[in-house]
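Summary of the model geometry
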Amino acid sequence: MSSTDPRKVVGSRVMAKAMHVTSEAECARRYGLRKKNKWLGGIVLDVITQPTASAQANTYISARYYLDPLASRVTRLNIRSVKPYPEP
């Protein structure tokens, strides 16, 4: 078992809730009643670790999420809001 977090590897696949990636209005328009439960797949583009004022570190994942087959969005989210893509 690898000790490397797959969310921190550039090029790996991740998932995030659609409400974190887009606005609530766009989620309602695209996904209707499923807006709060819709998960989007994405590809990690960059990993950013920033220190806070209390000497802790915040990690952010910048990824391209696919809203539908023709639309995508690049968003920077906290690592706590991003899940690794399940293995097949």
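Conventions we followed
Residues numbered from 1 in each chain as written. Predicted model: local features only at pLDDT ≥ 70, side-chain atom pairs only at ≥ 80, totals over all residues. Heavy atoms only, no water. Helix = DSSP H or I, 4+ residues; strand = E, 2+ residues; numbered from the N terminus. Buried < 20%, exposed > 50% of the residue type's maximum accessible area, 1.4 Å probe, protein only. Contact = heavy atoms within 4.5 Å. Areas by Shrake-Rupley, 256 points an atom, 1.4 Å probe, with all protein chains shown as cover. Lys, Arg positive; Asp, Glu negative; His and termini not counted. Charge placed at Lys NZ, Arg CZ, Asp CG, Glu CD. Pairing = 2+ DSSP bridges. pLDDT = per-residue confidence, 0-100. 1 Å grid on protein atoms, 1.4 Å probe; cavity = no way out; pocket = protein on both sides within 12 Å on 5 of 7 lines; lining within 4 Å. Points joined across faces, edges and corners; volume = space filled by probe spheres on them. Core = buried A, V, L, I, M, F, W, Y, C linked by side-chain atoms within 4.5 Å.

1. Some details on the overall build of the protein chain
- Helix and strand content of the protein chain: two helices and five strands.
- Expressed as lengths along the three principal axes of its C-alpha atoms, the size of the protein chain is roughly 40 × 35 × 20 Å.
- Within the protein chain, buried positions represent 33% of all 88 residues.
- Relative to all contacts within the protein chain whose residues are 6 or more apart in sequence, the contacts with residues 24 or more apart total 48%.
- Within the structure as shown, the protein chain displays about 6,000 Å² of accessible surface, and the carbon and sulfur contribution to it stands at 52%.
- Each charge sign in the protein chain was given a centre, from 15 positive and 6 negative side chains, and these centres are 4 Å apart.

2. Thoughts on the pairing of strand E3 (residues 57-68)
- Note that strand E2 (residues 39-51) and E3 share nine bridges and pair antiparallel. The partner of Pro51 across the bridge, within E3, is Ala57.
- Between E2 and the antiparallel strand that follows it, E3, lie five residues; Ala55 among them carries a positive phi value of about 65 degrees.
- Where E3 and strand E4 (residues 71-78) come together, eight bridges link them in antiparallel fashion. Bridge pairing links Asp68 to Ala71 in E4.
- Between E3 and E4, which pair antiparallel one after the other, the connecting turn spans two residues.

3. Regarding the confidence of the model for the protein chain
- In this model, the protein chain carries a mean pLDDT of 92, and residues with pLDDT of at least 70 account for 97%.
- Confidence, read as mean pLDDT per element, is least for helix H2 (residues 24-31) in the protein chain (93) and greatest for strand E1 (residues 13-17) (96).

4. So, the layout of surface pockets
- Roughly 150 Å³ of volume is contained in the largest pocket.
- Every residue lining the largest pocket is listed: Pro6, Ser12, Arg13, Pro84, Tyr85, Pro86, Glu87 and Pro88.

5. Thoughts on the nonpolar core
- Residues Val21, Leu40 and Tyr65 are the most contacted members of the largest nonpolar core, which totals 16 residues.
- Within the residue set of this core, elements represented by two or more residues are E1, helix H1 (18-21), H2, E2, E3 and E4.
- Looking at this core, the element that brings in the most residues is E3, giving four residues.
- With residues up to four places along the chain from it excluded, the contact list for Leu40 reads Val14, Met15, Ala16, Ala18, Val21, Tyr31, Tyr65, Tyr66 and Leu67.

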